[in-house]
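Structural overview
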4 protein chains.
Amino acid sequence: MRDAVVMHSIGRNIWAIPEGYIPDHSMGPAPEMTSHETACILNCNREAARVEITIYFSDRPPLGPFIVDIAGERTLHLRFNELGEGAIPRGVDYASVLRANIPIVVQHTRLDSRQAQNALLSTIAYAA
Amino acid sequence: MRDAVVMHSIGRNIWAIPEGYIPDHSMGPAPEMTSHETACILNCNREAARVEITIYFSDRPPLGPFIVDIAGERTLHLRFNELGEGAIPRGVDYASVLRANIPIVVQHTRLDSRQAQNALLSTIAYAA
Amino acid sequence: MRDAVVMHSIGRNIWAIPEGYIPDHSMGPAPEMTSHETACILNCNREAARVEITIYFSDRPPLGPFIVDIAGERTLHLRFNELGEGAIPRGVDYASVLRANIPIVVQHTRLDSRQAQNALLSTIAYAA
Amino acid sequence: MRDAVVMHSIGRNIWAIPEGYIPDHSMGPAPEMTSHETACILNCNREAARVEITIYFSDRPPLGPFIVDIAGERTLHLRFNELGEGAIPRGVDYASVLRANIPIVVQHTRLDSRQAQNALLSTIAYAA
């Protein structure tokens, strides 16, 4: 019982990640230079979380929201380049906002596929 | 006396780290590509801290809690792959929640064993 | 309507980034070792944001403020070495403070130009 | 006048960095593998800041405090291996707490000397 009460309070409903960039693969020695922008999402609640993701750009209107569901007591390491085929254009700067219906925790990580999930950067996202 | 009072207030009791991944070594040029997920824990209190660690996955129920004790005024750089032999499966995404009986501070770091503790990423964990 | 209300509350007006360093290119094997200090700024508001950036040094008075405008619902990944030709001297430690007229979110990232926007470090800035 | 008021409120008095490690150089291909643990400190106040740094270990009592002064409106990128000759032993895990008499902002960064200040990791420290 104690756990249920405590766990329900872990996290926030709104998170922001100002940094985002999916390389244009043809610009580098693909595929080993391909990097993967990831939003690691933790849902400590007993119930499933519904997350709405909005993508912001420097030169065009926002895209989305994209809908992602995460089962209760599960984590999802969501790659932005898998949000939908061609959803986020390559080679442009973007940012993202995640809004969930229940509290979640979000960590932004960029992975380098050369080394099987060897990360290059990571930060807890901004909790609004 | 001043120090004792101030130090007792450093940190929080609950911390979350959404990112976690222990590579399947056979997938890369082992051992030099082995990375070490680490939770650096600081206990500024005079008394020992007991920390309960729960591991969350994308496709199976949570694991734990694993119990770790940290003496007063000490730090512990805990490697997740040493939580228990085979406790966390290799090659799968995970997340973690640390719950302590007294305030602690937690920093998530991934180390690259190729260069004797040369870190690749780091972030202060999310304080619930 | 819901979105407008929620989005207006994302972020803070003042952000600090204590770390900053633009290499003196002649000291390394340029240009492939050139790194780019970046402040990724997200403006979720409907209206444009005006950001004033002040640069602090270890051995001289602060520089600025430099003025940057960001349209509503847009992100700007601002490179410090493009704040103004020669504005920030190379090869010296600096820090920065960003003050906006409306709430924004700021993430500090260092990019490595060898790999087309492959980041080396990143952290959400400090929200004052 | 506005600036003076706003700037005085940037930061916190107590910061914690759970991660710390200064390699034993003889264990690697020195000096190019030497990494530098750095606490980037920003003092936005008009007056100087006095910072007391305490170092925590996994297996011995805390060390310090070491005293560092930072002039008003200046930044100091403090390398832990320069806190005092031999002050922090090499090859052991440590953590640090910084306590200032006025608000400061602290960012933890590890630099790789191979590439002239090319950072490998960074995070805003934990503000107590």
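These remarks concern the structure in this document.

Definitions and cut-offs
- Here the residue index of a chain counts from 1 through its sequence in written order.
- By the order in which they are written, chains take letters starting at A while ligands take numbers starting at 1.
- Side-chain atom pairs in this predicted model are given and counted only at pLDDT of 80 or more, local residue features only at pLDDT of at least 70, and totals for whole chains, interfaces and linings cover all residues.
- Side-chain measures were taken over the full set of non-hydrogen atoms in the model, leaving aside hydrogen atoms and water.
- Like charges are joined within 9 Å and nonpolar side chains (Val, Leu, Ile, Met, Phe, Trp, Tyr) within 5 Å, but only among residues with over 30% relative accessible area and no salt bridge; these make up the patches.
- Per-residue accessibility takes into account occlusion by the displayed protein chains alone, with areas from the Shrake-Rupley method and a 1.4 Å probe.
- Salt bridges are defined as contacts in which a side-chain nitrogen from Lys or Arg sits within 4 Å of a carboxyl oxygen from Asp or Glu.
- Only four residue types enter the tally: Lys and Arg on the positive side, Asp and Glu on the negative side; His and the chain ends are excluded.
- Here the site of a charge means NZ on Lys, CZ on Arg, CG on Asp, or CD on Glu.
- Helix numbering and strand numbering both begin at the N terminus, where a helix is a DSSP run of H or I of at least 4 residues and a strand a DSSP run of E of at least 2.
- Each residue is placed in one exposure class: buried if its accessible area under a 1.4 Å probe, protein chains only, is under 20% of its type's maximum, exposed if it is over 50%, and partly exposed if it falls in between.
- Any two residues whose heavy atoms approach within 4.5 Å at even a single point are treated as in contact.
- Throughout, buried area stands for the accessible area (probe radius 1.4 Å) lost by two parts on being put together, summed over both.
- Identification of polar contacts relies on pairs of N or O atoms within 3.5 Å, with a donor-acceptor requirement for protein atoms, meaning one able to donate a hydrogen and the other able to accept it, and with residues adjacent in sequence counted only if both atoms are side-chain atoms.
- Three residue categories are used. Nonpolar comprises Ala, Val, Leu, Ile, Met, Phe, Trp, Tyr, Cys and Pro, charged comprises Asp, Glu, Lys and Arg, and polar comprises the others, including Gly.

Another aspect to go through is a positive patch on the surface. A cluster of basic side chains, namely R12 of chain A, R12 of chain B, R12 of chain C together with R12 of chain D, defines a positive patch on the protein surface. Counting through the fold element by element, R12 of chain B comes out in strand β1 (residues 12–17). The class for R12 of chain B is partly exposed, based on a relative accessible area of 37%.

In this section: the environment of T38 of chain B. All names here are of chain B. With respect to the element layout, T38 can be found in strand β2 (residues 35–43). Taking the relative accessible area as the measure of exposure, T38 reaches 2% and is therefore buried. Measuring from C-alpha to C-alpha, the distance between T38 and S122 comes to 9.3 Å, with 84 residues separating the pair along the chain. If we ignore the near neighbours within four places in the chain, the residues touching T38 are H77, L78, R79, F80, Q107, H108, T109 and L111.

A few words on the interface of chain A and chain C. Counting residues at the interface gives 35 residues for chain A, matched by 32 residues for chain C. Carbon and sulfur atoms make up 61% of the area that chain A and chain C hide from each other, which totals about 2,600 Å². Considering only the surface of chain A that becomes buried against chain C, P18, Y56 and Y126 of chain A emerge as the three largest contributors, covering 26% of it. In this structure, the connection of chain A to chain C is made through 0 salt bridges. Inspection of the chain A/chain C interface yields 8 residue pairs in polar contact (both at pLDDT 80 or more). Contributions of two or more residues to the side of chain A that touches chain C are made by β1 (12–17), β3 (49–57), β6 (94–112) and β7 (118–124) of chain A. With 8 residues, the top contributor of residues to the side of chain A that touches chain C is β6 of chain A. Among the residues making up the side of chain A that touches chain C, the classes are represented as 20 nonpolar, 6 polar and 9 charged.

Our focus in this paragraph is the interface of chain D and chain C. Residue-level contacts link 32 residues of chain D with 35 residues of chain C. Buried surface at the junction of chain D and chain C, summed over both partners, amounts to about 2,600 Å²; 61% is from carbon and sulfur atoms. Between chain D and chain C we count 0 salt bridges in total. At the level of elements, α1 (2–7), β1 (12–17), β2 (35–43), β5 (74–79), β6 (94–112) and β7 (118–124) of chain D are the ones that each hand at least two residues to the side of chain D that touches chain C. A total of 7 residues in the side of chain D that touches chain C trace back to one element, the largest contributor, which is β7 of chain D. Residue classes in the side of chain D that touches chain C are distributed as 17 nonpolar, 10 polar and 5 charged.

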